[in-house]
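What follows is the residue order along each chain.
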2 protein chains.
Amino acid sequence: MTNGFTLWFTGLSGAGKSTIAEIVGRRLEDAGRAVEYLDGDVVRTHLSKGLGFSKEDRDTNIERIGWVASRLTRHGAAVLVSAISPYEETRRKARGMVEEFGSFVEVYVEASVETCAERDVKGLYEKAFSGEIKEFTGVSDPYEAPVNPELRVDTETLTPDESARLILEKLAELGLVEDEVPA
Amino acid sequence: MTNGFTLWFTGLSGAGKSTIAEIVGRRLEDAGRAVEYLDGDVVRTHLSKGLGFSKEDRDTNIERIGWVASRLTRHGAAVLVSAISPYEETRRKARGMVEEFGSFVEVYVEASVETCAERDVKGLYEKAFSGEIKEFTGVSDPYEAPVNPELRVDTETLTPDESARLILEKLAELGLVEDEVPA
């Protein structure tokens, strides 16, 4: 069985997590890997319907993603999680579950609130600034930046393709993909 | 990648689902398969904390198990689900999710309420009969027996080992395991 791993993208809404995850995932698929996307929003419909955005509910959501990621990692998948996952301790719990079976690679997808707000086509930040949406990470709810992630990509200066390339290089460096995966 | 499948054990509490699943799982592991157990009770702690036993909550729980089973099936696991899963329509939904990626084998683990109550070391049935536990499947909550399961094992007449053997034979017949898995 192929060695599974979980690539965990954390960062603000609009930082570029899903966009980069899709590029990385396509490259991995092209190289023959079985990829599984666990997107925070998608998971909320399948696993966490009814949960809100309190710290407790966010933690429950992330722990569920971590648990599913750990099962899939065990079976050799390349699991790509895109979830704001604002709390360091909860990310650490997810790491612990995954590392029982494979590698956990935390990627901090970094961009300022201002940049994310500028990019925001859905107008979520505007509603967060006006108070119409409450408990919005980075505006009215905390985001604890990773202290020691495996990788940090600054999407204010890097294009999504450039970020994806750095991530694939990191995966190769960690021995998680063959060198021939085209970065 | 190995072809994944989900073996779905449905039946009353105490019918023998988990016991038989463990025997089948061990045989599959001995034959080199990667096995994943999704036990209804265990899943409730990881995915469905806070859900109760109303029809809606039971359905949500089973749909979550079905979703996770489908992801794992996709990655080649032999997924063994043991869950009362009392509603036909919800089992059908789980089947639909899994069959996108592999085979779904429904096993009806059959025993009468009376037999299950006699076996019940935890005294759950007694509490259900007295009304102390409400919404107890087979006593005060419905159980819709599978109309057309891939296999039916009657645990009033078969030992767990005999049931496991029938299941392994069925898996071989369906081409889901090599013939050399010792039944």
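Keep in mind that this is a model prediction, so the values were computed, not measured.

Participant: Before we move on, can you summarise the environment of Ile20(A) with the specific residues and values?
Facilitator: Residues and elements named next belong to chain A. Mapped onto the elements, Ile20 comes out in helix α1 (residues 17–30). Under the relative-accessibility criterion, Ile20 is labelled buried at 1%. Along the chain, Ile20 and Glu118 lie 98 residues apart, while their C-alpha atoms are 18 Å from each other. If we skip the residues at most four places from it in the chain, Ile20 touches Phe9, Val109, Val153, Thr155, Pro160, Ser163, Ala164 and Ile167.

Participant: Lay out the sheet that holds strand β5 (residues 151–154) of chain A in plain terms, naming residues and giving numbers.
Facilitator: Residues and elements named next belong to chain A. Taken together, 5 strands build an open sheet; the order of strands is β2-β3-β1-β4-β5 and the sheet is parallel. Of all strands in the sheet, those bounded by a partner on one side alone are β2 (35–39) and β5. Each adjacent strand pair in this sheet contributes to an overall mean axis angle of 20 degrees, direction not counted. Examined bridge by bridge, strand β1 (residues 5–10) and strand β3 (residues 78–82) share 5 bridges and lie parallel to one another. Bridge assignment links Phe5 to a residue of β3, and that residue is Ala78. Of the strands in this sheet, β1, β2, β3, β4 (103–110) and β5 are in contact with α1, which crosses β2 at around 170 degrees. Against the sheet, helix α3 (residues 55–74) engages β1, β2 and β3, with an angle of about 155 degrees to β1.

Participant: Outline empty space enclosed by the protein, listing residues and values.
Facilitator: Residue and element names in this part refer to chain B. All chains considered together, the criterion is met by 1 cavity of 30 Å³ or more. Approximately 30 Å³ is the volume found for the largest cavity. If you trace the largest cavity, you find it lined by Arg58, Asp59, Ile62, Ser85, Pro86, Tyr87, Thr90 and Arg91. When residues in the lining of the largest cavity are grouped by element, the largest group, 3 residues, is from helix α3 (residues 55–74). Its residues assigned to classes, the lining of the largest cavity shows 3 nonpolar, 2 polar and 3 charged.

The rules we used
Residues numbered from 1 in each chain as written. Chains lettered and ligands numbered in written order. Predicted model: local features only at pLDDT ≥ 70, side-chain atom pairs only at ≥ 80, totals over all residues. Heavy atoms only, no water. Helix = DSSP H or I, 4+ residues; strand = E, 2+ residues; numbered from the N terminus. Buried < 20%, exposed > 50% of the residue type's maximum accessible area, 1.4 Å probe, protein only. Contact = heavy atoms within 4.5 Å. Pairing = 2+ DSSP bridges. Axes fitted to C-alpha atoms, helices over the stretch in contact; angles between N-to-C directions. 1 Å grid on protein atoms, 1.4 Å probe; cavity = no way out; pocket = protein on both sides within 12 Å on 5 of 7 lines; lining within 4 Å. Points joined across faces, edges and corners; volume = space filled by probe spheres on them. Nonpolar A, V, L, I, M, F, W, Y, C, P; charged D, E, K, R; others polar.

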